[in-house]
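# Observations on the three-dimensional arrangement
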Amino acid sequence: MPAFAGGLTVAHAQVGGQSVFSSLNLPPAAYLAGVGGMSVSGRTADPNMLYGNPALLNADMDGRLALSYGGYLGDIKQSTAAYVRNSAKLGRWGFGLSYLSYGDFDMYDPAGNPMGKFSVNDYHLSLSNAHEVGPFTMGATARFAVAGIAGNHSLATLLDVGSVFKHPEKDWTVGLAVKNLGYQVKPFDGSSREPLPFDVQLGTSIKPEHMPVRFTITAHHLQQFDIVYLDTLQSRTQSLDGTTKVPKKSVGDKIARHFTVGGELLLGKGFNIRVSYNHMRRRELRLDNTSGGAGLAFGGMLRLGAYQFEYTRAMYHVSGGANYITLTRNVDELFGKKD
């Protein structure tokens, strides 16, 4: 779940508080945000897909640089850069750098006297490699993550591994990724080591023949069936007859929280529209009396010449959502580079 979710005290309890570096779960670019917040099967020309599944690196990404910006609630902002280049002998390489700023906060001493301001931020540096073997692509991403709070830093090394099957004739892909395998090398001062946001994801993307649409469905947290957390103290309700009702977990909700679904309307090669739904986000960030559209996302892509623009509006809470913008261009063409 989003790293900032714990600050929304009016929302239902979240799964995301069970690990450090939860910012790794945030979609860093417009396409990933627009298809539900994650995708292990979306074979596009966007280099940012190395964050979804390293096995999604493909020839359409070669030489392309993608710059992305995400604006969340409050002063939380994320900037990401990703670049892909192919090598004749060592496979296809992807490079990514993501920076997340939570903004500046007021600092006080124990007596309540102001001591200026401090910042909170995360950095993720990624190096990916992928190799194609027939209809299959195998890939891995090594990642170095740094989190800082007022000069106190935590460090972690992580690994994503994945595979993608692309049908040789149909527009159909299936992807599997094991994400955030790793170790917190240095915990925050005064804290012990904590688990990282490990996730196993399986998904598929398919474009039915003769239809201008593509569907994407992704299952996440497959390593754990029950990802529902209910705070029974805050979620208790009392009926008119004085009976206290305690919320219960249903099998249907347990299953539904594992899935995100997205659809793209393909209006030619240079324009499409996207919409998606993330059930876990909706259930965890809704209020008791309204969801405020939480879990929904919509956006699109527009290609103008050599440039590709993408935008997504993702709803997180009744108080607002996140805006993602991605600009992609083949920079190798600008400098006349060749493999």
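Residues numbered from 1 in each chain as written. Predicted model: local features only at pLDDT ≥ 70, side-chain atom pairs only at ≥ 80, totals over all residues. Heavy atoms only, no water.

### Here we look at the environment of Phe309
Within the fold, Phe309 resides in strand β15 (residues 307-317). In this structure, the C-alpha to C-alpha distance between Phe309 and Arg329, residues 20 residues apart in sequence, is 9.3 Å. Beyond its immediate sequence surroundings of up to four residues, Phe309 is in contact with Gly300, Met301, Leu302, Leu304, Thr326 and Leu327. (Helix = DSSP H or I, 4+ residues; strand = E, 2+ residues; numbered from the N terminus. Contact = heavy atoms within 4.5 Å.)

### What about the packing of aromatic side chains?
For the coordinates displayed, the defined rule picks out seven aromatic pairs. Relative to Tyr123, the ring of Tyr99 lies with its centre 4.9 Å away and its plane at 40°, an arrangement referred to as tilted. Separated by 24 residues along the polypeptide, Tyr99 in strand β3 (residues 91-108) and Tyr123 in strand β4 (residues 114-133) bring together distant segments of the chain. The class of Tyr99 is partly exposed, set by a relative accessible area of 30%. We classify Tyr123 as partly exposed; its relative accessible area is 38%. For the pair Phe105 and Phe118, a centre-to-centre distance of 5.6 Å together with 25° between the ring planes defines the contact as stacked. Remark: Phe118 occurs in strand β4 and Phe105 occurs in strand β3; sequence separation between them is 13 residues. Judged by its relative accessible area of 35%, Phe105 falls in the partly exposed class. An aromatic cluster of at least three residues, connected via ring pairs, comprises Tyr72, Tyr316 and Tyr324. Across the ring face of Tyr316, the terminal group of Arg281 is positioned such that the distance to the ring centre comes to 4.3 Å. (Phe/Tyr/Trp six-rings, centres within 6.5 Å; stacked < 30°, edge-to-face > 60°. Buried < 20%, exposed > 50% of the residue type's maximum accessible area, 1.4 Å probe, protein only. Lys NZ or Arg CZ within 6 Å of the ring centre and 35° of its normal.)

### Quick look at empty space enclosed by the protein
Here the structure, examined in full by the defined rule, presents one cavity of 30 Å³ or more. The space that makes up the largest cavity amounts to roughly 380 Å³. Looking at the largest cavity, it is lined by 28 residues, and the ones nearest its centre are Leu24, Asn25, Leu26, Pro27 and Gly37. Taken together, the elements giving at least two residues each to the lining of the largest cavity come down to β7 (172-186), β8 (199-206) and α4 (279-285). Residue classes in the lining of the largest cavity are distributed as 11 nonpolar, 12 polar and five charged. (1 Å grid on protein atoms, 1.4 Å probe; cavity = no way out; pocket = protein on both sides within 12 Å on 5 of 7 lines; lining within 4 Å. Points joined across faces, edges and corners; volume = space filled by probe spheres on them. Nonpolar A, V, L, I, M, F, W, Y, C, P; charged D, E, K, R; others polar.)

### A closer look at the pattern of salt bridges
Opposite charge on two side chains makes pairing possible when the charged atoms of those side chains draw close. Scanning the model with the defined rule gives 16 salt bridges in all. Linking Arg92 and Asp62 is a salt bridge whose minimum nitrogen-to-oxygen distance equals 2.6 Å. Here Asp62 lies in the loop between α1 (30-34) and β1 (64-71) and Arg92 lies in strand β3, a separation of 30 residues in the sequence. Each of the two residues, Arg92 as well as Asp62, counts as buried. A salt bridge links Arg283 to Asp253, with the shortest nitrogen-to-oxygen separation between them at 4.0 Å. Taken together, the residues Arg283 in helix α4 and Asp253 in helix α3 (residues 251-256) connect sequence positions 30 residues apart. Judged by its relative accessible area of 14%, Asp253 falls in the buried class. Because the salt bridges share partners, they merge into one network encompassing Asp171, Arg214, Glu264, Arg274 and Glu310. (Salt bridge = Lys/Arg side-chain N within 4 Å of Asp/Glu carboxyl O.)

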